[in-house]
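# What the coordinates show
Listed here are the chains, written in short residue letters.
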Amino acid sequence: MTTLPTERSVRTTPEGLRWEPSERWVRGYKGEVAVVDSRHPVLVWEPSLPVPQYAFPREEVRTDLLRPAKRPRTGRHTGSQIFYDLEVAGEQVPNAAWTFPSDDLAGHIAFEWFGRWDRGLDHWYEEEEEIFIHPRDPHKRVDALPSSRHVQVEIAGTVVADTHHPVLLFETGLPTRYYIPREDVRLDLFDATDHSTGCPYKGRAHYWTWRAGGDVPRNIVWSYAEPLAAVGTVKGLLAFYNEAVDIVVDGERLERPVTPFSAMLRTQA
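In what follows, the accompanying structure is described. (Residues numbered from 1 in each chain as written. Predicted model: local features only at pLDDT ≥ 70, side-chain atom pairs only at ≥ 80, totals over all residues. Heavy atoms only, no water.)

Moving on: the pairing of strand E19 (residues 203-210). When you tally the buried positions in E19, you get six out of eight residues, the bulk of the element. The pairing of strand E18 (residues 190-199) with E19 spans seven bridges and is classified as antiparallel. Paired with phenylalanine 190 across the strands is tryptophan 210, a residue of E19. Judged from the three bridges that link them, E19 and strand E20 (residues 221-223) form a sheet pairing that is antiparallel. For tryptophan 208, the partnering residue across the bridge sits in E20 and is valine 221. (Buried < 20%, exposed > 50% of the residue type's maximum accessible area, 1.4 Å probe, protein only. Helix = DSSP H or I, 4+ residues; strand = E, 2+ residues; numbered from the N terminus. Pairing = 2+ DSSP bridges.)

Okay, here's the thing in structure tokens:
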């Protein structure tokens, strides 16, 4: 009897790693070279990280491009001791890959992702879609739903957005984000910046900063010009960090949430 993917339970190793097999075809490139081409990847959650990583069967990795690390970053990745430098076309990437210290994951190699650590591969694909920052978590949902709620956004007592046509984005583990049509936002009060971020669920975002300064963090507003298909309804709309602005929904003022972004916003204020 075949066990369906949805019936599989996440395994936990004695080292505290959680893992489960994935049925996605995953490829990782350095330049034009496919370093990883795997149809049997494994998702791994480390105790210290909230997002998953991939580990790949050794036979689905270009191990001929890996060298024992000259300066291994031992102690990282749940006590991993074996690290590899990657060498492609004369370019070396230190500590680009490693093996987890777990019998469950013996024979698997994990890689840093360029968008997060700036020392991994250049491009990653799940099937034919490029993925940024980290693998998608199969136990996490992201839904973008058009709404008729009345949403207002205030910064330092000034109403900077007012709409009856928002798109509400619900993402597991984060507060609801309110995406607002551009014509309902006072963009004249903001300056575009060169800051951008990537998200494996939504794509690449670009930002605006509150022109009046003060205690308001930089890059408080963002938008996805070309979002991934799953959240295509947010295309061109603008969202604000709930953690640092005041949002009123249908007359109810929302409390500012505390999230993993809160500390980052405080350093930018």
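Following the structure, the description resumes.
This part covers the pattern of salt bridges. Scanning the model with the defined rule gives 17 salt bridges in all. For aspartate 188, the salt bridge identified is with arginine 186, shortest N-O distance 2.9 Å. The exposure class assigned to arginine 186 is partly exposed, which follows from its relative accessible area of 38%. Aspartate 191 serves as the salt-bridge partner of arginine 211, at 2.8 Å between the closest nitrogen and oxygen. Of this pair, arginine 211 sits in the loop between E19 and E20 while aspartate 191 is found in strand E18, placing the two residues 20 residues apart along the sequence. Residue classification places aspartate 191 among the partly exposed positions, given a relative accessible area of 33%. What you see here is one network of salt bridges that share partners, running through Lys30, Glu91 and Asp122. (Salt bridge = Lys/Arg side-chain N within 4 Å of Asp/Glu carboxyl O.)

This paragraph deals with the packing of aromatic side chains. All chains considered together, the criterion is met by 14 aromatic pairs. Here the aromatic rings of tyrosine 54 and phenylalanine 56 are separated by 5.7 Å at their centres, their planes lie at 35 degrees, and the arrangement is tilted. Residue class for phenylalanine 56 comes out buried when judged on its relative accessible area of 0%. Ring plane angle 10 degrees and centroid distance 5.7 Å describe the contact between phenylalanine 56 and tryptophan 124, whose orientation is recorded as stacked. Within this pair, whereas phenylalanine 56 is found in strand E6 (residues 53-57), its partner tryptophan 124 is found in strand E11 (residues 123-126), the two being separated by 68 residues in sequence. Taken individually, phenylalanine 56 and tryptophan 124 each receive the classification buried, so the pair is uniform in this respect. One aromatic cluster is present, built from ring pairs that chain together Tyr54, Phe56, Phe111, Trp113 and Trp124. If you follow arginine 27 out to its NZ or CZ, it ends over the ring of tryptophan 25, 3.9 Å from the centre. Directly above the aromatic system of phenylalanine 132 lies the positively charged group of arginine 204, at a separation of 5.4 Å from the ring centroid. (Phe/Tyr/Trp six-rings, centres within 6.5 Å; stacked < 30°, edge-to-face > 60°. Lys NZ or Arg CZ within 6 Å of the ring centre and 35° of its normal.)

Attention now goes to the sheet that holds strand E3 (residues 26-30). Overall, antiparallel pairing links the four strands, which are arranged E4-E3-E11-E12 in an open sheet. Both outer strands of the open sheet, strand E4 (33-38) and strand E12 (129-131), are each paired with one neighbouring strand and no more. Averaged over all pairs of adjacent strands, the angle between strand axes in this sheet comes to 30 degrees, irrespective of strand direction. Across three bridges, the pairing between E11 and E12 is antiparallel. Bridging across to E12, tyrosine 125 finds its partner in glutamate 130. (Axes fitted to C-alpha atoms, helices over the stretch in contact; angles between N-to-C directions.)

In short, the description is geometric, and any link to function would need to be established separately.
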